[in-house]
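Given next are the chains, with one letter for each unit.
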Amino acid sequence: MTQLLALLISWGIEIPVVLITLANTQQFFSRGDIYNTSIIAFAATLFTHPLAWESNQILIPYMDFPLRIALIESCVAIAEGILYAIILKLGWQNGLFLSIIANGASFLGGLLIDEFLRS
């Protein structure tokens, strides 16, 4: 899988997950709220994805897959959680929760798509 395809998959999964999760936990007051939240989710993934991709490439010789991914995804979830907490004013617990849900779905979806593409 290429980095661009992985980024597109991440956006395709994370943005809807963020919107659905927030729609179920708080009210959007306007279309502008939905638009702004979409842009924030887009930007958060755009910020963290290249860092995660490069970190993975660097750490391949030093760590097995499960440990490497746990470390990288934890850092990504924390970074995006901070962004969500501050920009969306969710508080740190809700920001981190939102990030874990979105990134978990994205990671699992990416694994499934990658497996499908390989077969």
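Parameters and conventions
- Residues numbered from 1 in each chain as written.
- Predicted model: local features only at pLDDT ≥ 70, side-chain atom pairs only at ≥ 80, totals over all residues.
- Heavy atoms only, no water.
- Helix = DSSP H or I, 4+ residues; strand = E, 2+ residues; numbered from the N terminus.
- Rg over C-alpha atoms; globule rule 2.2 N^0.38 Å.
- Axes fitted to C-alpha atoms, helices over the stretch in contact; angles between N-to-C directions.
- Parallel < 35°, antiparallel > 145°, perpendicular 65-115°, else oblique.
- Left-handed = near helix turned anticlockwise from the far one by under 90°.
- Contact = heavy atoms within 4.5 Å.
- Nonpolar A, V, L, I, M, F, W, Y, C, P; charged D, E, K, R; others polar.
- Core = buried A, V, L, I, M, F, W, Y, C linked by side-chain atoms within 4.5 Å.
- Buried < 20%, exposed > 50% of the residue type's maximum accessible area, 1.4 Å probe, protein only.

Brief notes about the overall build of the protein chain
What the protein chain contains, in helices and strands, is four helices and zero strands. Starting at the N terminus and ending at the C terminus, the protein chain contains elements arranged as α-α-α-α. Relative to its length of 119 residues, the protein chain is compact, with a C-alpha radius of gyration of 15 Å against a globular reference of 14 Å. Referenced to the eigenvectors of the C-alpha coordinate spread, the extents of the protein chain come out at roughly 45 × 30 × 20 Å.

Focus: the packing of helix 2 (residues 31–59) against helix 3 (residues 65–87)
At a minimum axis distance of 10 Å, the contact between helix 2 and helix 3 shows a crossing angle of 160 degrees. Judged by the inter-axis angle, helix 2 sits roughly antiparallel to helix 3. Between helix 2 and helix 3 the crossing geometry is right-handed. Between helix 2, through I40, A41, A44, T45, F47, T48, A52, S55, N56 and L59, and helix 3, the contact on the second element is made entirely by R68, I69, L71, I72, V76, A79, E80, L83, Y84 and I87. Split by residue class, the contact of helix 2 with helix 3 holds 14 nonpolar, four polar and two charged.

So, the nonpolar core
The nonpolar side chains of a soluble globular protein tend to be buried with one another. Core analysis: the biggest nonpolar cluster contains 17 residues, and V18, L22, Y84, L88, L90 and L98 have the highest contact counts within it. Mapped onto this core, the elements with two or more residues apiece are helix 1 (3–25), helix 2 and helix 4 (92–118). The biggest single contributor to this core is helix 1, with nine residues. What V18 contacts, discounting residues up to four positions off in sequence, is T37, A41, Y84, L98 and A102.

Considering the environment of F107
Position of F107 relative to the elements: it lies in helix 4. In the structure, F107 is positioned 42 residues away from F65 in sequence and 13 Å away in space, judged by C-alpha atoms.

Considerations on the packing of helix 1 against helix 2
In the contact formed by helix 1 and helix 2, the axes pass within 9 Å of each other and the chain directions differ by 140 degrees. With respect to each other, helix 1 and helix 2 are oriented oblique. Every pair of crossing elements has a handedness; the one defined by helix 1 and helix 2 is right-handed. Of helix 2, the residues touching helix 1 (which contributes Q3, A6, L7, S10, W11, E14, I15, V18, L19 and L22) are I34, T37, S38, A41, F42, T45, L46, H49, P50, W53 and E54. By residue class, the composition of the contact of helix 1 with helix 2 is 13 nonpolar, six polar and two charged.

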